[in-house]
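# Examination of the molecular architecture
Now for the letters of each chain:
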Amino acid sequence: SAAAEQLPTAGQRLGAPETLGISTLDPGHRPPAMPPGRHVTIRVRMLDDTEELFDISQKASGKVLFDLVCSHMNLIEGDYFGLEFQNHQKMMVWLDHIKPIIKQLRRPKHTILRFSVKFFPPDHAQLLEELTRYLFALQIKQDLSCGRLTCNDSSAALMVSYIIQSEIGDFEESQCRSHLLNNNYIPDQMPLIDKIMEFHSKNIGQTPAESDYRLLEVARRLEMYGIRLHPAKDREGTKLSLSVAHTGVLVFQGHTKINAFNWSKVRKLSFKRKRFLIKLRPDLNSSYQDTLEFLMPSRDCCKVFWKICVEYHAFFRLFEEPKPKPKPVLFSRGSSFRFSGRTQKQVIEYSGSVQQSGPTQQSPFYLICANAHRSALCRHASFSHLITVTVWFHAGVVSNSPHLSASSGHSHGMVNGQKSLELCGHSPDGRLPSPLTSPLLNDACSVRTDDEDEVRRKRFPTDRAYFIAKELLTTERTYVKDLEVVTSFQSAVGQDEATPDSLKDAVFSAFEPLHKFHTGFLREVEQRLALWEGRSNAHIKGDYQRIGDVLLKNLQGLKPLTANLNKQSEILLELEKACKASRRLETLCRDFELQKVCYVPLNVFILRPLHRLIHYKQILERLCKHYPATHVDFRDCRAALADVSEVVDQLQGSLIKMENVQKLLELKKDLIGVDNLVVPGREFIRLGCLSKLSGKGLQQRMFFLFNDVILYTSRGMTATNQFKVHGQLLLHGMTIRESEDEWGVPHAFTLVGQRQSVVVAASSLVEMEKWMEDLKVAIEMAKTSNGPSSELLTSSLTDNKCPEDSSMEAESEDDMTAPHTSLEKPTPHRGNTMVHVCWHRNTSVSMVDFSIAVENQLSGNLLRKFKNSNGWQKLWVVFTNFSLFFYKSHQDDYPLASLPLLGYSVTVPSESENIHKDYVFKLHFKSHVYYFRSESEYTFERWMEVIRSATVPSSRLLVYF
């Protein structure tokens, strides 16, 4: 409409000249070489619905044309895209890169090819170039408009608000309403106009780049994101649709996904006439048949879908382009089709190597964009305004630009991995060229699983402040996931009648606002780090290479939400009380804790908000220590540190008490024979393994030391994996003495109580010293304190002595799998708690160790290598609760595996181990050896620091720091 056409573009809003008359190619770029032969003009419709003409040889392969299109747009990450067209059977197919164009297009002059997104990655952060994300945003806009990307009204309105923010800028009511009345972005837009305007009003200040980023962030979470449906039927004739994604083959009924077959489960994909066949790998736990069969409308439909499946699998799963099969001498069987092009891994690596080469010459226009807080390509509603009208190629792009002629100079370079051309260094009116390039997002979420190239690592910023800020990002990702665990728990038990309203309200009011706030905070940190990881341009350094302003703003916004954090222990006790009153709620909580997503005890998650404040304080302390007082980021960091320190100081006393309550509640679940462990005044001090001397010799026992009593237990031969209390010794009036010479047992000492004495032996001198030191402190506390005086043991074990261990032999690790003959099904219990780790590793931990571990949580990507393996595997690693938890990526909901670190030693590999890489540390326990590799000196130091906090005795930590 006329109204829409008169709206200023984003480029005009930022002060860009009307027509630059210059090439968008980087210096030294040119299109690919053209084979000889008769030329034909090919029409390509771009994602902004403009059409471009390309003059190309009929003998040229599809790849030559595709590379011309990518060169035309200066597109580095072109491999995510493709050219599709309607063949003679009226089916939309992708242009084959290997075959000549003349064999694919029957009437090339009358065929319009569409430039479209072909491969949709799971995370938009894997797209390194802003231009790529802009093209993806245009694809999302198209999919929304045609109804292919279906979603609820709120998501649709939110996405449209980001689109119009990118197109018309900040919200102005009359302009926004007029624009929406004249432009349809979704099929049924009228009822949602007010909702779209409401969302648009909240986007004030967003640049087009930020709007695109947020649009993709919403879109990628939708079930129909990137989905192209291919009609089919199952064996019973039910109408279905098949699709393919980065994860595997999907089955839809209407727009609802009803099944998914992951690539790891698929052994073979094939088709026979109209039948599309999925052959699965054998799985005893699966109810599916070995081969699944779907009926498609025709053989050609089968082949089209099979081809895109082959390409998706190769692009997302392979490390490099598959090699062509050798041609058969006599007969050929099956299709010779293969994926042609770079895989996603190669695209990310290539884009990174291009970015690390540094910025090109900047034009006044580029500086205008930067001063307007644009980090890269300045775009607008009409993409062709800055690119398509002003580009002219010797190699055959037909353009109407009046400023350029065939005599323009050129030099050589690379675009999309191919040779391309740059036109004259200056436009005819003397202005400098504008290399509209895009130094934006990083590959923090890329899915490389093999060795990293040294060149790739060096392209990141090297400033220590960047890596401190990156630690903020990685740990915030883990924290938001942890908050999601609590909110999902609230959803799981909140709908049950057994849950008291007071508990529902307490959990909801405490965690729902926190989750919402930190989700927004994480998004801001991601965007800032994305800009920081772009090429280090001097004119944007002051704007983007800092993090203090983001922290200051958000910590001030967080302050009101911390007002009630000192009541977190009330939630713990309320939950405990409710579980005691309701067997059903107790079962619900236990079942939730047994889920993979609950990777540490539930009550640990409940205290996470308090621990997170300590992490913010530590990160800000490191930043303030690193920055000189004159640094642009120092003032914001110092102000943010003052704010968070004030909150932490106020909560410190409450936090110590809450951690103690949390630990008592956790231990209660691990013990049998204790009724009233959690009572006012009782404090946990240490737990661990000691060998108790009895008439049968030394027997392994688990000891629990509190400020008033010490318990000794043994792990029962039950499926619950709990520890049965054998006896107790009150600390009041107790004395201790070393007894190694008396009994002839190394590291032995005697606990002399008022009614009973117990001789125990530690596994090492260090362990003995830790126990004796803590026992002496606890005995002194018992003399002066008015701690709990009630009996601990149940009525069935009223005697303080164990029935001399005759009925309870120490259980070996192997007994965990022994069959149980009880008629009553045993209650499942988590068997990997710290108590069990100490039992198996024959060691101990104190409350001080737990507090230190809380302060030393860490997350991030590490490369892992086993002792006898060659390659390195990239994993997302979370350190918490004395353990490393391993994920494939930070987006995973639960860990693939975990490694408790108690008993491990952490060192640097020796020269004889032939680990010729930087920043590698080694974890070693008995015959178990793991190597881990970090990305920088700072991250290496941090991982060493936090792991030592879990592997080195607390009393000796000062030796290392």
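Residues numbered from 1 in each chain as written. Predicted model: local features only at pLDDT ≥ 70, side-chain atom pairs only at ≥ 80, totals over all residues. Heavy atoms only, no water.

### Side note on the overall build of the protein chain
In terms of helices and strands, the protein chain carries 26 helices and 31 strands. When the 961 residues of the protein chain are sorted by exposure, 56% land in the buried category. Partitioning the contacts of the protein chain with sequence separation of at least 6, the portion at a separation of at least 24 is 67%. Taken as a whole, the protein chain presents about 42,300 Å² of accessible surface, with 51% of it coming from carbon and sulfur. (Helix = DSSP H or I, 4+ residues; strand = E, 2+ residues; numbered from the N terminus. Buried < 20%, exposed > 50% of the residue type's maximum accessible area, 1.4 Å probe, protein only. Contact = heavy atoms within 4.5 Å. Areas by Shrake-Rupley, 256 points an atom, 1.4 Å probe, with all protein chains shown as cover.)

### With respect to the sheet that holds strand β26 (residues 873-880)
Pairing in this open sheet of seven strands is antiparallel, and the strands run β28-β27-β26-β25-β31-β30-β29 from one edge to the other. Both outer strands of the open sheet, β28 (897-900) and β29 (905-907), are each paired with one neighbouring strand and no more. The average angle at which neighbouring strand axes cross in this sheet is 35°, direction not considered. Of the strand pairs in this sheet, strand β25 (residues 858-866) and β26 are connected by seven bridges, and their pairing is antiparallel. The residue bridging L862 from the neighbouring strand is L875, located in β26. (Pairing = 2+ DSSP bridges. Axes fitted to C-alpha atoms, helices over the stretch in contact; angles between N-to-C directions.)

### Some details on empty space enclosed by the protein
The gaps left among the atoms become clear once a water-sized probe is rolled over them. Throughout the structure, instances matching the rule amount to 11 cavities of 30 Å³ or more. Sorting the residues of the lining of the second largest cavity by element identifies α20 (608-626), α21 (634-670) and α25 (847-855) as the ones contributing at least two each. Classifying every residue of the lining of the second largest cavity gives six nonpolar, six polar and four charged. Both of domain 4 (464-670) and domain 6 (857-949) provide at least three residues apiece to the lining of the second largest cavity. (1 Å grid on protein atoms, 1.4 Å probe; cavity = no way out; pocket = protein on both sides within 12 Å on 5 of 7 lines; lining within 4 Å. Points joined across faces, edges and corners; volume = space filled by probe spheres on them. Nonpolar A, V, L, I, M, F, W, Y, C, P; charged D, E, K, R; others polar. Domains from an automatic or database assignment.)

### Here we look at the pairing of strand β23 (residues 757-761)
Judged by how many residues are buried, β23 sits mostly within the fold: four of five residues are covered. In the sheet, strand β17 (residues 684-694) pairs with β23 via two bridges, with the strands oriented antiparallel. Within the sheet, the bridge partner assigned to S691 lies in β23 and is A761. Pairing geometry for strand β22 (residues 748-752) and β23, over five bridges, is antiparallel. Looking across to β23, one finds that A748 is bridged to A761. Between the end of β22 and the start of β23, which pair antiparallel, lie four residues.

### Focus: unusual backbone geometry
Phi angles above zero are rare outside glycine, and H747 is one such case at about 60°. For H747, the location among the structural elements is in the loop between α22 (740-743) and β22. A positive phi is found at N914, a non-glycine position, where the angle reads about 55°. Position of N914 among the secondary structure elements: in the loop between β29 and β30 (920-925).

### Some details on the environment of L269
Considering the arrangement of structural elements, one finds L269 in strand β10 (residues 266-272). Along the primary structure L269 and V310 are separated by 41 residues, whereas in three dimensions their C-alpha atoms are 8.2 Å apart.

### Describing the state of the cysteines
Under the definition given, this model contains zero disulfides. We note that C589 lacks a disulfide partner, and the nearest cysteine sulfur, in C579, lies 3.6 Å from it. C689 carries a free sulfur, and the closest cysteine sulfur to it, the one in C838, is 7.3 Å from it. (Disulfide = S-S within 2.5 Å.)

### Looking at a positive patch on the surface
Together, R267, K268, R281, R317 and K888 make up a positively charged patch on the protein surface. If you trace the backbone, R281 turns up in the loop between β11 (275-280) and β12 (291-295). (Patch = residues over 30% accessible without salt bridge, like charges linked within 9 Å, V, L, I, M, F, W, Y side chains within 5 Å. Salt bridge = Lys/Arg side-chain N within 4 Å of Asp/Glu carboxyl O. Lys, Arg positive; Asp, Glu negative; His and termini not counted. Charge placed at Lys NZ, Arg CZ, Asp CG, Glu CD.)

### Quick word on the packing of aromatic side chains
By the definition in use, this model includes 34 aromatic pairs. For the pair F66 and F115, a centre-to-centre distance of 6.4 Å together with 20° between the ring planes defines the contact as stacked. Here the residue F66 occupies a position in helix α3 (residues 62-73), and F115 occupies one in strand β5 (residues 112-117), the gap between them amounting to 49 residues. What makes F115 buried here is its relative accessible area of 1%. (Phe/Tyr/Trp six-rings, centres within 6.5 Å; stacked < 30°, edge-to-face > 60°.)

### Regarding the pattern of salt bridges
Considering all chains together, one arrives at 37 salt bridges under this definition. The salt bridge involving E471 is made with R942; its shortest N-O contact spans 2.9 Å. With E471 in helix α13 (residues 464-494) and R942 in helix α26 (residues 937-951), the pair connects residues that are 471 residues apart, well separated along the chain. Each member of the pair, E471 as well as R942, carries the same accessibility label: buried. Through salt bridges that share partners, E471, R622, R942 and E945 make up one connected network.

### Quick notes on the environment of R45
Mapped onto the elements of the fold, R45 is located in strand β1 (residues 39-45). Residue R45 is classed as partly exposed on the basis of its relative accessible area of 23%. Residues R45 and L83, 38 residues apart in the sequence, show an inter-C-alpha distance of 9.3 Å. Excluding residues within four positions of it along the chain, R45 makes contact with T50, E51, I112, L113, R114 and F115.

### As for the packing of helix α4 (residues 130-145) against helix α8 (residues 208-219)
Their axes nearest at 9 Å, the elements α4 and α8 cross at an angle of 55°. Accordingly, the angle class assigned to the pair α4 and α8 is oblique. The hand of the α4/α8 crossing is left-handed. Across the interface between the two elements, E130, R133, Y134, F136, A137 and I140 from α4 touch A209, D212, Y213, L215, L216 and A219 from α8. (Parallel < 35°, antiparallel > 145°, perpendicular 65-115°, else oblique. Left-handed = near helix turned anticlockwise from the far one by under 90°.)

### A few points about the nonpolar core
Counting 98 residues, the largest nonpolar core has L65, F81, F115, F276 and I278 as the members making the most contacts within it. It is helix α9 (residues 299-317) that provides the largest number of residues to this core, a total of 10 residues. With near-sequence residues (within four places) excluded, F115 lies in contact with V44, R45, M46, L47, F66, V69, M73, L75, F81, G82, L83 and L135. (Core = buried A, V, L, I, M, F, W, Y, C linked by side-chain atoms within 4.5 Å.)

### Comments concerning the confidence of the model for the protein chain
Looking at the protein chain, pLDDT values average 77 and 74% of them are 70 or higher. Considering only residues more than four positions removed or in separate chains, one finds that residues 358-458, a stretch of pLDDT under 50, has 332 contacts. Between residues 535-541, whose pLDDT stays under 50, and residues either more than four places distant or in other chains, the model counts 19 contacts. (pLDDT = per-residue confidence, 0-100.)

### Quick look at the environment of Q206
Tracing the backbone through its elements, the reader meets Q206 in the loop between α7 (193-201) and α8. If we ignore the near neighbours within four places in the chain, the residues touching Q206 are Y162, Q165, D170, S211 and R214. Engagement of the side chain of Q206 in a polar contact is seen with the side chain of S211, the distance being 3.1 Å. (Polar contact = N/O pair within 3.5 Å; in protein donor to acceptor, adjacent residues only side chain to side chain.)

### Looking at α13
Helix length check: α13, at 31 residues, gives a terminal C-alpha distance of 45 Å against a target of 45 Å (1.5 Å per residue), a fit within 8%. Burial within α13 is extensive, with 25 of its 31 residues counted as buried. (Expected span 1.5 Å × (residues − 1).)

### Focus: the side chain of S883
Note that S883 resides in strand β27 (residues 883-887). On the basis of relative accessible area, S883 is assigned to the buried category, the value being 7%.

### Observations concerning α3
Counted at 1.5 Å a residue, the expected span for α3 with its 12 residues is 16 Å, and the 17 Å between its end C-alpha atoms agrees. Of all the 12 residues making up α3, 11 are buried; the element is thus mostly covered by neighbouring parts of the structure. Within α3 the residues assigned to the buried category are G62, V64, L65, F66, D67, L68, V69, C70, S71, H72 and M73. Immediately downstream of α3, the backbone of N74 shows phi near 60°, a positive value.

### A word on the pairing of strand β9 (residues 256-262)
Of the strand pairs in this sheet, strand β8 (residues 248-253) and β9 are connected by six bridges, and their pairing is antiparallel. Each residue of the ladder has a partner; that of V249, found in β9, is F261.

### Section: the packing of helix α16 (residues 548-558) against α21
At a minimum axis separation of 8 Å, α16 and α21 run at an interaxial angle of 25°. Put simply, α16 runs roughly parallel to α21. Relative to α21, α16 is oriented so that their crossing is left-handed. Of the residues in α21, those touching α16 at G548, D549, L551, L552, L555 and Q556 are D636, C637, A639, A640, D643 and V644. Class assignment of the residues belonging to the contact of α16 with α21 gives a composition of seven nonpolar, two polar and three charged.

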